[in-house]
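# Structural description and commentary
Residues per chain, in single letters:
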Amino acid sequence: MYVAVKGGERAIDNAHTWLAEERRGDTSVAELSVAQIREQLSLAVNRVMAEGSLYDPDLAALAIKQARGDLIEAIFLIRAYRTTLPRLGHAEPVDTGKMACDRRISATFKDVPGGQVLGPTFDYTHRLLDFALEAEGLPPAAETSEAQTGDTPRVTEFLNKGGLIQSEARSDATPPDMTHAPMQYPAGRPLRLQALTRGDEGFVLSMAYSTQRGYGRNHPFVGELRIGKVAVEMDIPELGFAIEIGEVTLSECETVNQFAGSRTEPAQFTRGYGLVFGQTERKAISMALVDRALRWEELGEDNLGAPAQDEEFVLAHSDNIQATGFLEHIKLPHYVDFQSELELVRKIRRDAAEAAMQEAAE
Amino acid sequence: MTPLLSVKNVTKMYGDRIGCADVSFDLYPGEVMGIVGESGSGKSTLLAALAGHHAPDRGEVHFDTRAEGLRDTLTMREPERRMLARTDWAFVHQNPRDGLRMSVSAGGNVGERLMAVGARNYGDIRDTATDWLGRVEINADRIDDRPRAFSGGMQQRLQIARNLVTGPRLVFMDEPTGGLDVSVQARLLDLLRGLVREMGLSAIIVTHDLAVVRLLADRLMVMKSGHVVESGLTDQVLDDPQHGYTQLLVSSVLQV
Amino acid sequence: MTDQTGATTSDYNFAYLDEQTKRMIRRALLKAVAIPGYQVPFASREMPMPYGWGTGGVQVSAACLTPDDTFKVIDQGADDTTNAVSIRKFFEKTADVETTEHTQDATIIQTRHRIPEAPLTEDQILVYQVPIPEPLRFLEPRETETRKMHALEEYGLMHVKLYEDIARHGHIATSYAYPVKVEGRYVMDPSPIPKFDNPKLEMAAIQLFGAGREQRIYAIPPYTQVVSLDFEDHPFDPSKADAPCDLCGADHTYLDEVIIDDAGGRMFVCSDTDYCAGRQAQGHRGRLSPEAAE
């Protein structure tokens, strides 16, 4: 006798309880605190803030804990939470020229005014597992120096003064907001940059990498990469002026790209731009390369048919929350659709068999 | 007599480089016009502008529409222009890949224009497709094969069938024999000549091959650096070229 | 009321979304109803369930629900499939509305992949979850191009696909998400319902379609003409398994095929669980009904 499967509700409840237990792991091992995650897994926290589009290290750390370290799941938690937050207004554009840089390097010049600052980077570490980390203990204190004050000039501005690099037109237009308006193509650069900055790091990285391997090559140099804190200011109508409401850490990358020039314009360098929440330099550099590749039309380049040149392709597939949801939804029951496919295949096979019989009989 | 197509001062610039400049001519029903010139002479630019693939900077392109007589296709609304493009007009690309759906069967390729204008009887669509495959000398048993499995010459013949199935009044052809072997070219030209006569087609053919226009075109326009330098009846222009460039073009062919 | 994460009902607005967002969705819904079958772009929000799991339907339901509504959720026709349970619980928690498994008692029914067997009334709203709203998507991947094709009513390519099916298989080989033309104008994807359900798309209830990831909303107002695409000589055929339900004996319902033993034994049961239970309660019996089997 057949009894239809029931009890989906109980199954879900049980799965949730089990999940909570697995998340905690072996209870004889001390539980991670959110503060520990925030402080000691800070690059994971940065990625969750960047792709979650919400700058809050504590919430990002909580999301990572709740997601058992699955960063896409953590980003998802942050995004869903972000939906419920009221929007009080928007900040003034941040001025990265006033950034208090922890790191600032240029690959295009040996030295630059303001200096090259290596900062806390993995770049020149030897990737050898450090078994000393298995034991607990404090690392030796790093040397300190006086913080630099004042503006840090942008490397690309030096090129701009000589007319060697294309100027970017300034605009006071309010940029579109992809979280409050449906995406429509062609999207234009402000929307493209928004989509890229919250896009999946792996996807943006691979797209950027593909341009380096010849699929829409644009000959990039890292003109400048800077990471540090910038002040966020907001105009308060009651006061009549902008006040500082906090600061955020940003990674900014400007690439300098070759440009052959055209009949009407002399040869000039062009730029790609990346700006991402937190210390996320792989993402910022990748973003700059992809931004530059997407600008082919505006810069009068050929469409080589490369994936990274295709705005609709890149923007429609860069969001990992959309991607993971749609990918994983094929786990949901599809038996109604499958049943109709089953009926159709049976019918087609039956017809074919009948036709074969008919032929044999004739 | 009303011209089928009346072109006035069509000009297209690429930056400060001339694509084509101040081209004017009339094409009458049943007439085949050849446009010749070397590559870069502006003939393909002109064809694309006439067919509405891109907008010229200046000029008018009047087409004798069935309903309202002469209308400027450049100022027409896009739906009307696209409607023309899939009914009264046809465009044969040099590369059949640009004019065919490579992943759709030969029958589907020929049937698409019929379905686009409302044909909804599978049997009728298939019969018409079979008939047209025959007219372009493709065996009826290839109807369910995809163009990928066809030779270059067959692909080009399929493209022609796909374009002519709705009985267009004006056919644009961009180097229809380009990229084919000489023997295949001869067969295709023969086929085209037969179809043009039989259907009384009006056509504009862009080519750098004078043999093509000699066989197909009633009239000829010679283009150089975006300008029309000479025009007239085909035999007249080819046998007694007046402009120095035409003379060079004709003599260079004869030398080959 | 709290769940396993400790969140309480009062942490969120009624039906989760804030009022501004609901207004935005309602505007899109009004436009959709005014232009039947047209896909209205809307600023879909990130919901606490994954894209592809009904975020579009959930947002539409959230924008339609009032505290007086009675809500029903089905997935594959069943109220007790896991995702249906999950969405029902979501609204029990965030909107505190009454829920039901009885089609007749519901004022709003959210569905994935089925239309209930019992005819719906003018007092009901049917909300569909839609994965890919664009019926032309797999013929033309580019949004800029498909929007133009809809605008200019260039639907020839759609029939090329059906032509190819018949040329290859002898039949139109689309068995679900079967494209329809709405009120003689827009070609529409009815979401992945089996083609058996297509004739029911002409109904008394208002039908709203939400695609969250793709940011589109569309609608079929009550009593709107909905025609499944076909050829004159290959007419649309809303076929189903050629068998009656083994539990309630119905021969007019869409059936699930269930494998019941290792020897390839199969049985057919109504996919609409509420409808099947209702018939059984009225005394209808099938081949494998408890009494009959004994």
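Residues numbered from 1 in each chain as written. Chains lettered and ligands numbered in written order. Predicted model: local features only at pLDDT ≥ 70, side-chain atom pairs only at ≥ 80, totals over all residues. Heavy atoms only, no water.

## Some points on the overall build of chain A
Broken down by element type, chain A carries 12 helices and four strands. A compact globule built from 362 residues would reach a C-alpha radius of gyration of about 21 Å, whereas chain A, at 26 Å, exceeds it by more than 25%. Dimensions along the principal axes, computed over C-alpha positions, put chain A at roughly 90 × 70 × 55 Å. Across the 362 residues in chain A, those meeting the buried criterion constitute 37%. Here the contacts in chain A between residues at least 6 apart in sequence split such that 65% fall between residues at least 24 apart. As displayed, chain A has an accessible area near 21700 Å², and 56% of this comes from carbon and sulfur atoms. With 37 positive and 56 negative side-chain charges, chain A shows a separation of 2 Å between the mean positions of the two kinds. (Helix = DSSP H or I, 4+ residues; strand = E, 2+ residues; numbered from the N terminus. Rg over C-alpha atoms; globule rule 2.2 N^0.38 Å. Buried < 20%, exposed > 50% of the residue type's maximum accessible area, 1.4 Å probe, protein only. Contact = heavy atoms within 4.5 Å. Areas by Shrake-Rupley, 256 points an atom, 1.4 Å probe, with all protein chains shown as cover. Lys, Arg positive; Asp, Glu negative; His and termini not counted. Charge placed at Lys NZ, Arg CZ, Asp CG, Glu CD.)

## Concerning helix 3 (residues 42-52) of chain A
Residues and elements named next belong to chain A. The buried fraction of helix 3 is high, at nine of 11 residues. Within helix 3, burial applies to Ala44, Val45, Asn46, Arg47, Val48, Met49, Ala50, Glu51 and Gly52. Residue Ser53 follows helix 3 closely and has a positive phi angle near 60 degrees.

## A look at the interface of chain A and chain C
Each partner contributes residues to the interface: chain A has 49 residues there, and chain C has 67 residues. Buried surface at the junction of chain A and chain C, both sides included, amounts to about 4800 Å², of which 57% is carbon and sulfur. Inspection of the chain A/chain C interface yields six salt bridges. Across the salt bridge formed by Lys347 of chain A and Asp237 of chain C, the nearest N and O atoms sit 3.1 Å from each other. Among the elements of the structure, helix 1 (8-24), helix 5 (71-83), helix 11 (320-328) and helix 12 (335-361) of chain A are those that each provide at least two residues to the side of chain A that touches chain C. Sorting elements by how many residues they give to the side of chain A that touches chain C places helix 12 of chain A first, with 13 residues. Looking at the side of chain A that touches chain C residue by residue, the classes come out as 20 nonpolar, 14 polar and 15 charged. (Buried area = accessible area lost by both parts, 1.4 Å probe. Salt bridge = Lys/Arg side-chain N within 4 Å of Asp/Glu carboxyl O. Nonpolar A, V, L, I, M, F, W, Y, C, P; charged D, E, K, R; others polar.)

## What about the packing of helix 7 (residues 189-197) of chain A against helix 9 (residues 281-294) of chain A?
All names here are of chain A. The interhelical angle for the contact between helix 7 and helix 9, taken along N-to-C directions, is 150 degrees, at an axis separation of 10 Å. Judged by the angle between their axes, helix 7 and helix 9 are roughly antiparallel. Crossing handedness for the pair helix 7 and helix 9: right-handed. Across the interface between the two elements, Arg189, Arg192, Leu193, Leu196 and Thr197 from helix 7 touch Lys283, Met287, Val290, Asp291 and Leu294 from helix 9. For the contact of helix 7 with helix 9, the residue count by class is five nonpolar, one polar and four charged. (Axes fitted to C-alpha atoms, helices over the stretch in contact; angles between N-to-C directions. Parallel < 35°, antiparallel > 145°, perpendicular 65-115°, else oblique. Left-handed = near helix turned anticlockwise from the far one by under 90°.)

## Things to note about the packing of aromatic side chains
For any pair of aromatic rings, geometry is given as the distance between the ring centres together with the angle between the planes. A full pass over the atoms with the stated rule returns 14 aromatic pairs over all chains. Grouping aromatic residues by their ring pairs yields a cluster made of Phe63, Trp89, Phe91 and Phe172 of chain B. Over the aromatic face of Trp132 of chain B sits the side chain of Arg135 of chain B, whose NZ or CZ is 4.2 Å from the ring centroid. A cation over an aromatic ring shows up here: Arg185 of chain C above the ring of Tyr186 of chain C, its NZ or CZ 4.2 Å from the ring centre. (Phe/Tyr/Trp six-rings, centres within 6.5 Å; stacked < 30°, edge-to-face > 60°. Lys NZ or Arg CZ within 6 Å of the ring centre and 35° of its normal.)

## Looking at the domain arrangement of chain C
Residue and element names in this part refer to chain C. Its domain assignment divides chain C into domain 1 (19-228) and domain 2 (255-293). On a C-alpha basis, the centres of domain 1 and domain 2 stand 28 Å from each other. On the domain 2 side, the residues contacting the 13 residues of domain 1 number five residues. Taken together, both faces of the contact between domain 1 and domain 2 bury some 640 Å²; the carbon and sulfur share is 37%. Together, Gly77, Arg114 and Glu117 form the three largest contributors to the area buried by domain 1 at its contact with domain 2, with a combined 45%. Inspection of the region where domain 1 meets domain 2 yields zero salt bridges. Across the side of domain 1 that touches domain 2, the residue classes break down as three nonpolar, five polar and five charged. (Domains from an automatic or database assignment.)

## Structural notes on the pairing of strand 4 (residues 58-65) of chain B
All names here are of chain B. Pairing between strand 1 (residues 5-14) and strand 4: five bridges, direction antiparallel. Paired with Val7 across the bridge in strand 4 is Val61. In the sheet, strand 4 pairs with strand 5 (residues 69-72) via four bridges, with the strands oriented antiparallel. The partner of Thr65 across the bridge, within strand 5, is Gly69. Here strand 4 folds back onto strand 5, and the loop between the two strands holds three residues. (Pairing = 2+ DSSP bridges.)

## Focus: the domain arrangement of chain A
Residues and elements named next belong to chain A. Here the domain parsing of chain A yields domain 1 (2-82), domain 2 (96-119 + 144-324) and domain 3 (332-361). The C-alpha-based centres of domain 1 and domain 2 are spaced at 31 Å. Contacts between the two partners involve 14 residues from domain 1, matched on the other side by 20 residues from domain 2. For the domain 1 and domain 2 pair, buried surface summed over both sides reaches about 1400 Å², with 58% attributable to carbon and sulfur atoms. Between domain 1 and domain 2 we count two salt bridges in total. In this structure, Arg47 and Asp200 form a salt bridge, with 3.0 Å as the shortest nitrogen-oxygen distance. In this structure, the connection of domain 1 to domain 2 is made through seven residue pairs in polar contact (both at pLDDT 80 or more). (Polar contact = N/O pair within 3.5 Å; in protein donor to acceptor, adjacent residues only side chain to side chain.)

## Some thoughts on the sheet that holds strand 9 (residues 219-224) of chain B
Residue and element names in this part refer to chain B. With mixed pairing, six strands are arranged side by side in an open sheet as 6-7-8-3-9-10. Of all the strands in the sheet, just strand 6 (89-92) and strand 10 (227-233) have a single pairing partner and so form its edges. Neighbour to neighbour, the strand axes of the sheet diverge by 15 degrees on average, direction disregarded. Note: strand 9 against strand 10, six bridges, orientation antiparallel.

## Details of the sheet that holds strand 6 (residues 180-182) of chain C
Residues and elements named next belong to chain C. Reading across the sheet, the three strands line up as 7-6-10 and stay open at both edges, with antiparallel pairing between neighbours. Two strands lie at the open edges of the sheet, namely strand 7 (186-188) and strand 10 (226-228), each paired on one side alone. Looking at each pair of strands side by side, their axes are set apart by 30 degrees on average, direction ignored. Sheet analysis places strand 6 next to strand 10, joined by three bridges and oriented antiparallel. When the bridges of strand 10 are listed, Val182 appears paired with Val226.

## Focus on a positive patch on the surface
Taken together, the side chains of Arg97, Arg146 and Arg148 of chain B together with Arg168 of chain C present a region of like positive charge at the surface. In this structure, Arg97 of chain B sits in helix 3 (residues 96-99). (Patch = residues over 30% accessible without salt bridge, like charges linked within 9 Å, V, L, I, M, F, W, Y side chains within 5 Å.)

## Brief notes about empty space enclosed by the protein
Empty space left among the atoms is revealed by rolling a probe the size of a water molecule over them. This structure, assessed with the given rule, holds one cavity of 30 Å³ or more. The volume enclosed by the largest cavity comes to roughly 40 Å³. Looking at the largest cavity, the residues that line it are Ser340, Glu343 and Leu344 of chain A together with Ser175, Lys195 and Ser239 of chain C. Split into classes, the residues belonging to the lining of the largest cavity amount to one nonpolar, three polar and two charged. (1 Å grid on protein atoms, 1.4 Å probe; cavity = no way out; pocket = protein on both sides within 12 Å on 5 of 7 lines; lining within 4 Å. Points joined across faces, edges and corners; volume = space filled by probe spheres on them.)

## Things to note about the pattern of salt bridges
Following the criterion strictly, the structure yields 69 salt bridges over all chains and no others. Across the pair Arg271 of chain A and Glu168 of chain A runs a salt bridge whose closest N-O atoms are separated by 3.8 Å. Placement of Arg271 of chain A in strand 4 (residues 270-277) and of Glu168 of chain A in the loop between helix 6 (155-161) and helix 7 is noted, with a sequence separation of 103 residues between them. Overall, Arg271 of chain A belongs to the buried group, its relative accessible area being 5%. Given a relative accessible area of 29%, Glu168 of chain A falls into the partly exposed group. Where Arg71 of chain B meets Glu68 of chain B, a salt bridge forms, and the shortest distance between an N and an O atom there is 3.1 Å.

## With respect to the environment of Ala106 of chain C
Residue and element names in this part refer to chain C. Following the sequence through the fold, Ala106 ends up in the loop between strand 3 (98-99) and strand 4 (108-112). A sequence separation of 20 residues divides Ala106 from Leu126, and the C-alpha atoms of the two residues are 9.7 Å apart. Among all residues touching Ala106, those that are not within four sequence positions of it are Thr70, Lys72, Thr100 and Gln124.

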